[in-house]
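Now for the letters of each chain:
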Amino acid sequence: MSDGLPGGGIRRVGVVGGGQMGAGIAEVCARAGLDTVLCEVDAVAARTARERVASSLDRAVRRGKLEEAQARAALARMVFSGSLEDLADRQLVVEAVVENPAAKTEVFAALDKIVESPDAILATNTSSIPVMRLGMATSRADRVIGLHFFNPVPVLPLVEVVTSLHTAPETVAATEEFATRTLGKTAIRSQDRAGFVVNALLVPYLLSAVRMTESGFASPADVDAGMELGCAHPMGPLRLADLIGLDTVASIARSLYEEFKEPLYAPPPLLQRMVEAGLLGRKTGRGFYLYE
């Protein structure tokens, strides 16, 4: 691959989407010394994304995880844009928009026209949507790959590298090298199946906890205490669902059910009603618990 690839040579990175995940991905790229452009839908959203990244960097400084000078340098490496056109010269672009197939497909179709280098890698941070579907929205499916980070991105060390039937071996090699050598993450590989490795195991567990609460069998606090104190989990399933976002959990569950038709993958009615009510967990201040 040309233009400075494989992964150790990727120096110009773009991220589409400035929410929790996109901002976190952009932050770890900037902290790794990369020229990073984060794109949002408009200038107002781009400013909000900048504030989100700055706040995360400040927390890292307060907790002693980062020097103040390093935080300033990371922020200085970042450009926050309201236009996808600013990604034209990127060597790698990571899509991190809402977990919706139509929205993600639209982004990939646009990136295919905008990103100039035919060797550039277009990656998706999807939790569950088939990478093949996104790749086929482009003319370069061999350069499309899943690069699934975990929240909070600056803290959690894992990345899932997900290959479609079209993903070229050199794309996989460059992406893995970027994730491990440049970002310092641990990469695991997954085939292109809904949920990949982690969510295919995790989400049915979360849904079981929701059903247990829905049935009145146990309260959210007791369900979580049982798993934290009885199984040494650092966080109970319902607090974890609130952290992930109940809308995201429901979306992944729908994708799993659509692919495998297993009843345990179907989102429970309580989860669907909470999403419809806007009770999405920590990010909205209320889910199974209240947050200030």
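Up top is the structure.
Anyway, here's the lowdown on the structure attached to this text. Note that residues are indexed from 1 along each chain, following the sequence as it is written. Reporting of local features is limited, given that this is a predicted model, to residues whose pLDDT is at least 70; pairs of side-chain atoms are given and counted only at 80 or more, and all residues count toward the totals for whole chains, interfaces and linings. Heavy atoms throughout the structure, all of them, feed into the side-chain values; hydrogens and water do not.

Structurally, Ser190 can be placed in strand β8 (residues 186–191). Assessed through its relative accessible area of 6%, Ser190 is described here as buried. Leave out the neighbours within four places in its chain, and Ser190 touches Val161, Val162, Thr163, Phe196 and Val197. For helices the rule is a DSSP run of H or I covering at least 4 residues; for strands it is a run of E covering at least 2, with both sets numbered from the N terminus onward. Partly exposed residues are those whose accessible area sits between 20% and 50% of the maximum for their type, while under 20% is buried and over 50% is exposed, using a 1.4 Å probe and protein chains only. Should any heavy atoms of two residues lie within 4.5 Å, those residues are considered in contact.

The next thing to look at is the pattern of salt bridges. Oppositely charged side chains can pair when the atoms bearing their charge come close. We define a salt bridge as a side-chain nitrogen of Lys or Arg found within 4 Å of a carboxyl oxygen belonging to Asp or Glu. If you walk through the whole model with that rule in mind, you get 16 salt bridges. A salt bridge links Glu170 to Arg143; the nearest nitrogen and oxygen atoms lie 3.7 Å apart. Of this pair, Glu170 sits in helix α6 (residues 169–182) while Arg143 sits in the loop between α5 (131–135) and β6 (144–149); the two residues are 27 residues apart in sequence, bridging distant segments of the chain. The class of Glu170 is partly exposed, set by a relative accessible area of 36%. For Arg143, a relative accessible area of 8% corresponds to the buried category.

Once that is clear, we can look at the packing of helix α7 (residues 198–214) against helix α9 (residues 237–244). It is the contact of α7 with α9, at a shortest axis distance of 9 Å, that shows an interaxial angle of 115 degrees. Regarding the angle of α7 to α9, the classification is roughly perpendicular. As α7 runs across α9, the sense of the crossing is left-handed. Residues Leu202, Tyr205, Leu206, Ala209, Val210 and Thr213 of α7 pack against Pro237, Leu238, Leu240 and Ile244 of α9. Lines fitted to the C-alpha atoms define the axes, with helices restricted to the stretch that makes contact. Angles between their N-to-C directions range from 0 to 180 degrees. Each angle is binned into one of four classes, with values under 35 degrees roughly parallel, values over 145 roughly antiparallel, values of 65 to 115 roughly perpendicular, and all other values oblique. Put simply, a crossing is left-handed when the front helix is turned counterclockwise from the back one by less than a right angle, and right-handed when it is turned clockwise.

Moving on to helix α10 (residues 246–260). The first and last C-alpha atoms of α10 sit 21 Å apart over 15 residues, in line with the 21 Å expected at 1.5 Å per residue. Those residues of α10 lying buried are Leu246, Thr248, Val249, Ala250, Ser251, Ile252, Ala253, Ser255 and Leu256. Of the surrounding secondary structure, the elements contacted by the buried residues of α10 are α7, α9 and α11 (269–276). Once α10 ends, the next one or two residues include Lys261, with phi positive near 55 degrees. A helix is expected to span 1.5 Å for every residue after the first.

To continue, consider the sheet that holds strand β2 (residues 35–39). Pairing is mixed across the open sheet formed by 8 strands, whose spatial order is β3-β2-β1-β4-β5-β6-β7-β8. With partners counted over all chains shown, the strands left at the sheet margins are β3 (78–81) and β8, one partner each. Between one strand axis and the next, the sheet turns by 25 degrees as a mean value, whatever way the strands run. In this sheet, strand β7 (residues 158–163) lies alongside β6 in antiparallel orientation, the contact comprising 4 bridges. If you follow His148 over to β7, its bridge partner there is Glu160. Sheet contacts for α6: β1 (12–16), β4 (92–95), β5 (121–124), β6, β7 and β8; angle to β6, the most-contacted strand, approximately 25 degrees. Any two strands are treated as partners once DSSP identifies two or more bridges connecting them.

Below, the discussion takes up a positive patch on the surface. Exposure above 30% relative accessible area and the lack of any salt bridge qualify a residue for a patch; like charges then connect within 9 Å, and the nonpolar side chains Val, Leu, Ile, Met, Phe, Trp and Tyr within 5 Å. The protein chains shown are the only cover counted for residues, whose accessible areas, like all others here, come from Shrake-Rupley with a 1.4 Å probe. Working convention for charge: Lys and Arg count positive, Asp and Glu count negative, and His plus the chain ends are omitted. All charge positions are set by atom: Lys at NZ, Arg at CZ, Asp at CG, Glu at CD. Positive charge collects at one region of the surface, where Arg59, Arg62, Arg63 and Lys65 lie side by side. Relative to the helices and strands, Arg63 is located in the loop between α2 (43–62) and α3 (68–76). Residue Arg63 is classed as exposed on the basis of its relative accessible area of 62%.

Soluble globular proteins tend to pack their nonpolar side chains together in the buried interior. In this description, a nonpolar core means a group of buried Ala, Val, Leu, Ile, Met, Phe, Trp, Tyr and Cys residues linked to one another through side-chain atoms lying within 4.5 Å. Ile25, Phe80, Leu147, Phe149 and Phe178 are the most contacted members of the largest nonpolar core, which has 40 residues in total. Top element by residues in this core is helix α1 (residues 20–31). It accounts for 7 residues. Once residues lying within four places of it in the same chain are set aside, the contact partners of Phe149 are Met21, Ile25, Asn125, Leu158, Val159, Leu183 and Lys185. Residues Leu238, Tyr265, Phe288 and Tyr289 belong to the second largest nonpolar core, which totals 23 residues.

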